[in-house]
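Structural overview for review
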Amino acid sequence: MLVMGRLVTRLERLTVIDDIADRARTLVRAATRSQRVRDVLHGVWLGHPLHPALVQAPLGAWMSAAVLDVLPGQQAAATTLVAVGNASAVPAAMAGANDWASLSREQRRVGLVHAAANTVALTLYGVSLAARLRGRHTVGRRLGYLGLTVAGASAYLGGHLSYALGAGVNQTVPSLWLMRGTWQRVGDVDEFSEGQPTVRKLGETPVLVYREDDRFTVMLERCAHHNGPLGDGKIVEIDGWPCVVCPWHGSTFRLSDGLVVHGPAANDQITLRTRVVDGRLEASPV
Ligand code: FES
């Protein structure tokens, strides 16, 4: 594990692949010009990144095929599973590429190798399927095992991207843990103008306060995607709802409840409970 960790750390610093990554990113951006397509692939509609959910299908099918491959008389079932795995790898790759285009440079380096390894795995499984369909099951089986090995190594990189580099996770959750106590004073009600988001701090945590009539929203000010400053974001109206657009990558959140409207963030922006006591606005993380 130590060796793998060192290898991946080197990968994060592998500046020589930045050129390729930049070109690949331009291609991905060109292929996903439509905001609607990008949002679907990010998982905005799901409230959760779509890619990790989709990868279960190819990996599950390929692993099941590998088990059937060691059992006698299961060639047809294994061939079907390989075909299912190959077909389901395509939408998983599309969702992954769409997420990848909005990652940081270090994350993109690891993500590029992750994508390249997945391409190799899918190619091996493609040739494996062709061999199986021609009745050459021994060749198909061997290629399948090779493909599964590459896919496994690639899954390690995918795990590293999420769990070590924080790709695809809600970046704002740790700031909730830093907030002490329950109800905290945000400010006097009169300090907040209607329809004009204002940044305040609760302890060390910046929050965005939005007032509409006598209703208040207090949401974490740092964007769920990569901690961009929502306080510097543009205010737009979408479907009649005032929303804030993150200045870094354009994630858009409804100001009244933090609902994510456009990605790359797939999570809603965290909002706090609010109450007004003696003309003072208070907020609580729990
Ligand atoms: S930091 Fe990326 S969209 Fe906000």
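Residues numbered from 1 in each chain as written. Predicted model: local features only at pLDDT ≥ 70, side-chain atom pairs only at ≥ 80, totals over all residues. Heavy atoms only, no water.

Side note on the pairing of strand β6 (residues 241-245)
Two faces belong to every sheet, and in a regular strand the side chains alternate between them. Most of β6 sits out of view: 4 of its 5 residues are buried. Bridge count between strand β5 (residues 234-238) and β6: 5 bridges; the pairing is antiparallel. Residue Ile-235 lies in a different strand from β6, and its bridge partner there is Val-244. Count of turn residues in the β5/β6 antiparallel hairpin: 2 residues, of which Asp-239 carries a positive phi of about 50 degrees. Two elements, β6 and strand β7 (residues 252-254), share 3 bridges in a ladder whose sense is antiparallel. In the strand pairing of β7, Val-244 is matched with Phe-253. (Buried < 20%, exposed > 50% of the residue type's maximum accessible area, 1.4 Å probe, protein only. Helix = DSSP H or I, 4+ residues; strand = E, 2+ residues; numbered from the N terminus. Pairing = 2+ DSSP bridges.)

Some words on the packing of aromatic side chains
On inspection of all chains with the given rule, the structure shows 2 aromatic pairs. Ring geometry for Trp-62 versus Tyr-125: centroids 4.2 Å apart, planes at 5 degrees, classification stacked. Of the two residues, Trp-62 is situated in helix α5 (residues 56-69) and Tyr-125 in helix α7 (residues 105-133); the sequence distance between them amounts to 63 residues. Across the pair, Tyr-125 and Trp-62 agree in class, each one buried. Here the aromatic rings of Phe-192 and Phe-216 are separated by 6.1 Å at their centres, their planes lie at 75 degrees, and the arrangement is edge-to-face. Of this pair, Phe-192 sits in the loop between β1 (184-188) and β2 (198-202) while Phe-216 sits in strand β4 (residues 215-220), and the two are 24 residues apart along the sequence. Like Phe-216, Phe-192 is buried. (Phe/Tyr/Trp six-rings, centres within 6.5 Å; stacked < 30°, edge-to-face > 60°.)

Some details on the environment of Arg-109
Of note, Arg-109 is situated in helix α7. Overall, Arg-109 belongs to the buried group, its relative accessible area being 7%. In this structure, the C-alpha to C-alpha distance between Arg-109 and Ile-17, residues 92 residues apart in sequence, is 6.9 Å. Leaving out residues up to four positions away in the same chain, Arg-109 has contacts with Leu-11, Glu-12, Arg-13, Leu-14, Thr-15, Ile-17 and Asp-18. (Contact = heavy atoms within 4.5 Å.)

Quick look at helix α8 (residues 137-164)
In this model α8 runs 39 Å from its N-terminal to its C-terminal C-alpha over 28 residues, within 8% of the 40 Å that 1.5 Å per residue would give. As for α8, its buried residues are in contact with α1 (2-12), α5 and α7. The first or second residue beyond α8 is Gly-166, which carries a positive phi of 75 degrees. (Expected span 1.5 Å × (residues − 1).)

What to know about the sheet that holds β2
As summarised here, the arrangement of the 6 strands in space is β1-β10-β9-β4-β3-β2, forming an open sheet in which the pairing is antiparallel. Of all strands in the sheet, those with a lone pairing partner are β1 and β2, marking the two edges. Each adjacent strand pair in this sheet contributes to an overall mean axis angle of 35 degrees, direction not counted. The pairing of β1 with strand β10 (residues 280-284) spans 4 bridges and is classified as antiparallel. Its bridge partner being in β10, Asp-188 is matched across the sheet by Arg-280. (Axes fitted to C-alpha atoms, helices over the stretch in contact; angles between N-to-C directions.)

A short note on the domain arrangement of the protein chain
Split into domains, the protein chain comes out as domain 1 (2-164) and domain 2 (173-284). Facing the 12 residues of domain 1 at the interface are 11 residues of domain 2. For the domain 1 face of the interface with domain 2, the top three residues by lost area are His-42, Val-44 and Ser-102, together amounting to 48%. Where domain 1 packs against domain 2, one counts 0 salt bridges. Inspection of the domain 1/domain 2 interface yields 4 residue pairs in polar contact (both at pLDDT 80 or more). The leading source of residues in the side of domain 1 that touches domain 2 is helix α3 (residues 35-42), at 3 residues. The residue makeup of the side of domain 1 that touches domain 2, split by class, is 3 nonpolar, 8 polar and 1 charged. (Domains from an automatic or database assignment. Buried area = accessible area lost by both parts, 1.4 Å probe. Salt bridge = Lys/Arg side-chain N within 4 Å of Asp/Glu carboxyl O. Polar contact = N/O pair within 3.5 Å; in protein donor to acceptor, adjacent residues only side chain to side chain. Nonpolar A, V, L, I, M, F, W, Y, C, P; charged D, E, K, R; others polar.)

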